[in-house]
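Residue-level structure breakdown
Residues per chain, in single letters:
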Amino acid sequence: MGKKVAIVGSGQTMHGRRFDLAYPELVNEAIESCLINTGVDAKDLDGVVFGTMPSMMEGVALTHFYFADVLRAKGKPILKTETCGSTGVSLAITAYYWIASGMADLLMVVGSEKMNEGDAQATMTTILEPFYQMYFIAGAPGVFSMQSQEWSVRFGIPEEKVRDAATRLSIDHHNDAFGNPYAHIKQRLTPEQVNTARIITYPVRLWDVCPTSDGACAMIFASEKMAKKLGKKAAWVKGVGYSGEEYWFGDSDKVMWQSAIQAAKQAYDMAGIKNPRKELDVAEVYNPFTFQELLYYECFGFCDFGQACDLTLKGMFSKDGELPCDPSGGTLCTNPIGATGLIRVAEAAMQVTGQAGDHQIPGAKQALAHAMGGVDQYNGVMILGAK
Amino acid sequence: MSKEFSTFKKVIRLPHKYGAGPTFTRFYEGLKQGKIYGTKCPECGDVLVPSRSMCPKCHVNLSEWVEVSQEGVIVSWAQTDKDFFGKPGQGTYTVALIRLDATGCDFLHLLGGNLSKVKTGSRVKAVWNEEKKGHMLDIKYFEPK
């Protein structure tokens, strides 16, 4: 087992459409906020961990070099980690390993995306090879629609019930986003608005899908010794899990989804969690699509397979439910992809340190943060605790 | 916003010649002849399609070639009327995971023909384009049987 790792604090940009700043300036907005919030002097950093989506989405290759100045990285090592949608959790895990190994005491971790500058869907096709898959899974909604339909058919969940549960999540999250000052899309929705919104890829409709966001998130990770010296209320990394599966989409079961199940299990085992629904106080689940969030509840053991719709409709995962999920509004309301997973970790840390403001879950002591990357290929989970 | 900031538009065009290697090359030669080939893993016995040079589960090299069935069942599907970058063809796009008979994985391709009654579990068969170029889209789509 490695050394204890603390999260001292974070900073986020106001996420949204941000043509008011150039990309490095946007990254700097999160970093300045992070340094102010944590009281860290950048000259004391041992290194920087940075990541985004693939270069095609950034418009510039090797953005960690482009952003070296705002990353305050002169004279310091930069590690870049890039795992598509799960980049943010991978960044946090990279920093965790670095500090747990004893090789660093103080790190800044930054993830960013400026999605409105390019064509996100088109650039995402470039994560697929042109021999076979590029023609058939070029748009993310198609992948998630297939996965959702396979799941509902496998467990015999009526289409109307899946729709009702997805609608409940959409209404709750877009409403919860009003409590999150950084969230991109905040909207009061009625069931009718969600259920009659235009179809993106059947059965996924407009309000089931995350937005195209610009934004960044920066965090400070520290050793126990350094966290004490800084004297801030810290969150502690209790468990990490990361798991992948075969490249070709049709090779693995995306319902009994091994990488999601395994990532959560690794993190729970490390944190000593036996019953996640009882032992977690809040979860920041990666939810770019409402339908996929339901499946994650099951893969993460929040409930049995086939049960997520019923429990969601009973309010189990609402802000005032037994296990509140995505009280920040989640990825569904804010998705600057390279930052998104790190925002999940930052939100989880804010929750267990009682600093989540209007979307604070009262008394939260243990939280889960999660993100997924590639064509349903990788899942990463981090468990944070107040002690 | 009170002020409009400048933007700078640039198109990056980078031609790239992707080498298909021996396994996809042979698969495409099969398509030219109206055949779908897989490779069989000597350890787990799965026939994987399209053909691979390695079994992703057993991590052994694959050299046994098998012509696979052009029929199978729909495992899942998704449909959109939207146009998007890289979409093959025009109009409604229906993509599916298809388990071809006696294979060990799902094959991704398009659905076409009369889809009014199609659902998960429906049987489908391959429909080919007349002109075959040695390309994944030589199979026009899979249609309900």
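Owing to the predicted nature of the structure, the values given are computational and were not obtained by experimental measurement. Within each chain, residues carry numbers counting from 1 in the order of the written sequence. To read the labels, note that chains go from A and ligands from 1, taken in the order they are written. Only residues with pLDDT of at least 70 are given local features in this predicted model, and only at 80 or more are side-chain atom pairs given and counted; all residues enter the totals for whole chains, interfaces and linings. Water and hydrogen atoms were dropped before computing side-chain values, which therefore reflect all heavy atoms in the structure.

**Remarks on the overall build of chain A**
Runs of E in the DSSP output that reach at least two residues are strands. Runs of H or I that reach at least four are helices, and both are numbered from the N terminus. Within chain A, the regular secondary structure consists of 15 helices and 11 strands. Relative to the compact-globule value of 21 Å for 387 residues, chain A shows a C-alpha radius of gyration of 19 Å, a close match. In terms of overall dimensions, chain A has C-alpha extents of about 55 × 45 × 40 Å along its principal axes. Split into buried and exposed, the 387 residues of chain A put 66% on the buried side. Residue contacts follow a heavy-atom distance rule, with two residues in contact if any of their heavy atoms lie within 4.5 Å. Residue pairs in contact within chain A that sit at least 24 positions apart in sequence constitute 77% of those at least 6 positions apart. Total accessible area on chain A stands at roughly 13200 Å², and carbon and sulfur atoms take up 54% of it. For the purpose of charge, His is not counted, nor are the chain termini; Lys and Arg are scored as positive and Asp and Glu as negative. To locate a charge, the coordinates of NZ of Lys, CZ of Arg, CG of Asp or CD of Glu are taken. Separation of charge centres in chain A, based on 34 positive and 43 negative side chains, amounts to 8 Å. Radius of gyration here is computed from C-alpha atoms only, and the compact-globule reference equals 2.2 Å multiplied by the residue count raised to the power 0.38. Between buried and exposed lies partly exposed: a residue is buried under 20% and exposed over 50% of the maximum accessible area for its type, with that area taken using a 1.4 Å probe on protein chains only. Only the protein chains shown count as cover for residues, and the accessible areas themselves come from Shrake-Rupley with a 1.4 Å probe.

**Remarks on the interface of chain A and chain B**
Taken together, the 30 residues of chain A in the interface contact 38 residues of chain B. Across the chain A to chain B interface the summed buried area is about 3000 Å²; carbon plus sulfur atoms make up 65%. A simple way to read buried area is as the amount of 1.4 Å-probe accessible surface that goes missing from two parts once joined, with both sides added. Together, Phe131(A), Tyr132(A) and Phe136(A) form the three largest contributors to the area buried by chain A at its contact with chain B, with a combined 25%. What makes a salt bridge here is a side-chain nitrogen of Lys or Arg within 4 Å of a carboxyl oxygen of Asp or Glu, nothing more. On inspection of chain A and its partner chain B, the count reaches 2 salt bridges. For Lys57(B), the salt bridge is made with Glu246(A), and the minimal N-O distance between the two is 3.1 Å.

**Re the packing of aromatic side chains**
Stacked, edge-to-face and tilted labels apply to pairs of Phe, Tyr and Trp rings (six-membered ring for Trp) whose centres lie within 6.5 Å, assigned for plane angles under 30 degrees, over 60, and everything in between, in that order. The final tally for this structure, using the stated rule, is 28 aromatic pairs over all chains. With centroids separated by 4.8 Å and ring planes inclined at 70°, the aromatic side chains of Tyr247(A) and Trp248(A) adopt a geometry described as edge-to-face. On the accessibility criterion, Trp248(A) (16% relative accessible area) is buried. An aromatic cluster of three or more residues is present, and its members are Phe131(A), Tyr132(A), Tyr135(A), Phe136(A), Tyr247(A), Trp248(A), Tyr18(B), Phe24(B), Phe27(B), Tyr28(B), Phe107(B) and Phe142(B). Stacked on the ring of Trp236(A), the Lys or Arg Lys4(A) has its end atom at 4.6 Å from the ring centre. We count a charge as sitting over a ring when the NZ of a lysine or the CZ of an arginine lies within 6 Å of the ring centre and within 35 degrees of the ring normal.

**Points about the pattern of salt bridges**
Summed over the entire model, instances satisfying the criterion amount to 27 salt bridges over all chains. Between Arg18(A) and Glu29(A) there is a salt bridge whose closest N-O contact spans 2.6 Å. On the criterion of sequence distance, the pair formed by Arg18(A) in the loop between β1 (5-12) and α1 (23-38) and Glu29(A) in helix α1 is long-range, its members being 11 residues apart. Judged by its relative accessible area of 9%, Arg18(A) falls in the buried class. Here Arg163(A) makes a salt bridge to Asp208(A), at a shortest N to O gap of 2.8 Å. Placement of the pair is Arg163(A) in helix α7 (residues 159-176) and Asp208(A) in the loop between β6 (204-205) and β7 (214-223), with a sequence separation of 45 residues. The two residues Arg163(A) and Asp208(A) agree in class, both being buried. One network of salt bridges, with partners in common, ties together Glu71(B), Asp101(B), Arg123(B) and Lys145(B).

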